[in-house]
Every structure is written in structure tokens, then in C-alpha cells.
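Chain by chain, the residues:
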Amino acid sequence: MRQDYAEFTARNTEILVLGPDGPNAFKRYWAENEMPFVGLADIRSRIGDLYYQEVNLFKLGRMPALFVVDKQGGVRYLHYGDSMADIPPNSEVLAVIEEINKG
């Protein structure tokens, strides 16, 4: 999502990423990798649990989950990954956002 961040912001979209690390480690990673979007530490998975994000210790922890939430707070798209590499392409997410913006 980082490489297409301008495409997301051009569609009046903000990206928020939750991560399992503590706040200091998360902040350091964000700075070292020049992440342009918001990142929040969710060390106890409180938010991830609200959205039923899977934790699988055999697959290195928290499985990817991606949600598109509209301005009214409704989840308009969701994807639960089966592996750490199972993340939808940005083009798919951008197409969903385009449809939301048309409505």
C-alpha cells in the first residue's frame, strides 16, 4: 500500500495499519521504513479481536486482515488472509474504493 499511497489519498482515503508490536518498536519501524500512513500498536489484539482477526502461531502470529470502512463506519470490503502473503492487490482495493466513491 505504501507504493500506491498517492492513489489512495487521491481517492480521499486514509490507510490505518494495526500491528502487534509495542508502541516503541512500532514507531521505530514506521520511521525506519518511511511509512506514509497511520500505524497503531495493537499489542493485545483488542482491535484485531473486534474484527475477528486470526492469530495463528504456526503461521508466525497474526494473519493479515484488510477492511475498507466507509465514512459512516460501515465495513464495505473485508479480506482475511490465509497466510502472511495473502494480501489483496492494491488494484482490487482501489476498485472497491472507486465503487464506494461513485455511490
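These numbers were taken from a predicted model, which means no experiment stands behind them. (Residues numbered from 1 in each chain as written. Predicted model: local features only at pLDDT ≥ 70, side-chain atom pairs only at ≥ 80, totals over all residues. Heavy atoms only, no water.)

**Some points on the overall build of the protein**
Spelled out, the test is: Only runs of H or I of at least four residues qualify as helices and only runs of E of at least two qualify as strands under DSSP, and these elements are numbered from the N terminus. Throughout, the radius of gyration refers to the C-alpha atoms, and the reference size of a globule is 2.2 Å times the residue count to the power 0.38. Relative accessibility decides the category of a residue: with a 1.4 Å probe and only protein chains considered, values under 20% of the type maximum give buried, values over 50% give exposed, and everything between is partly exposed. Residue contacts are counted whenever heavy atoms from the two residues lie within 4.5 Å of one another. Computed with a 1.4 Å probe, the accessible areas rest on the Shrake-Rupley method; for each residue, only the protein chains presented here act as cover. Counted as positive: Lys and Arg. Counted as negative: Asp and Glu. His and the chain ends are not counted at all. Charge positions are represented by NZ for Lys, CZ for Arg, CG for Asp and CD for Glu.
For the protein, the count of helices and strands is 4 helices and 6 strands. Taken from the N to the C terminus, the helices and strands of the protein come in the order α-β-α-β-α-β-β-β-β-α. Taken against the 2.2 N^0.38 rule, which gives 13 Å for 103 residues, the C-alpha radius of gyration of the protein at 14 Å falls within 12% of a compact globule. Considering only C-alpha atoms, the protein reaches an extent of 40 × 30 × 25 Å along its principal axes. A buried classification covers 31% of the 103 residues belonging to the protein. For the protein, long-range pairs separated by at least 24 residues make up 35% of all intrachain contacts whose partners lie at least 6 apart in sequence. A total of about 7300 Å² of accessible surface is found on the protein, and carbon and sulfur atoms cover 54% of it. For the protein, the distance from the average site of its 11 positive side-chain charges to the average site of its 15 negative ones is 6 Å.

**Brief notes about the environment of Ile43**
Positionally, Ile43 belongs in the loop between strand 2 (38–41) and helix 3 (46–50). Once the C-alpha coordinates of Ile43 and Gly81 are considered, the two residues, 38 residues apart in sequence, prove to be 19 Å apart. If we skip the residues at most four places from it in the chain, Ile43 touches Gly19, Pro20, Asp21 and Gly22.

**With respect to the pairing of strand 1 (residues 16–19)**
Successive residues of a regular strand alternate their side chains across the two faces of the sheet. The test is simple: A pair of strands is labelled paired if DSSP reports no fewer than 2 bridges between them. Looking down the strands as they point away from you, a crossover is right-handed if its path from the first strand over the helix to the second goes clockwise.
Bridging between strand 1 and strand 2 involves 4 bridges; their strand directions are parallel. Within the sheet, the bridge partner assigned to Leu18 lies in strand 2 and is Leu40. Handedness of the crossover joining strand 1 and strand 2 through helix 2 (residues 23–32): right-handed.

**A word on the pattern of salt bridges**
What counts is decided by this rule: Each salt bridge in this description consists of a side-chain nitrogen of Lys or Arg and a carboxyl oxygen of Asp or Glu lying within 4 Å of one another.
The full count for this structure, using the stated rule, is 4 salt bridges. One salt bridge in this structure joins Glu7 and Arg11, with 2.9 Å as the shortest N-O distance. Take Glu7: its relative accessible area is 37%, and that puts it in the partly exposed class. Here Arg11 falls in the buried class, since its relative accessible area comes to 19%. Between Lys102 and Glu99 there is a salt bridge; the shortest N-O distance is 3.3 Å. Of the two residues, Lys102 and Glu99 both sit in helix 4 (residues 90–102), 3 residues apart, roughly one turn of that helix. What makes Glu99 partly exposed here is its relative accessible area of 49%. The network of salt bridges with shared partners includes Glu7, Arg11 and Glu98.

Taken by themselves, the reported measurements are silent on function.
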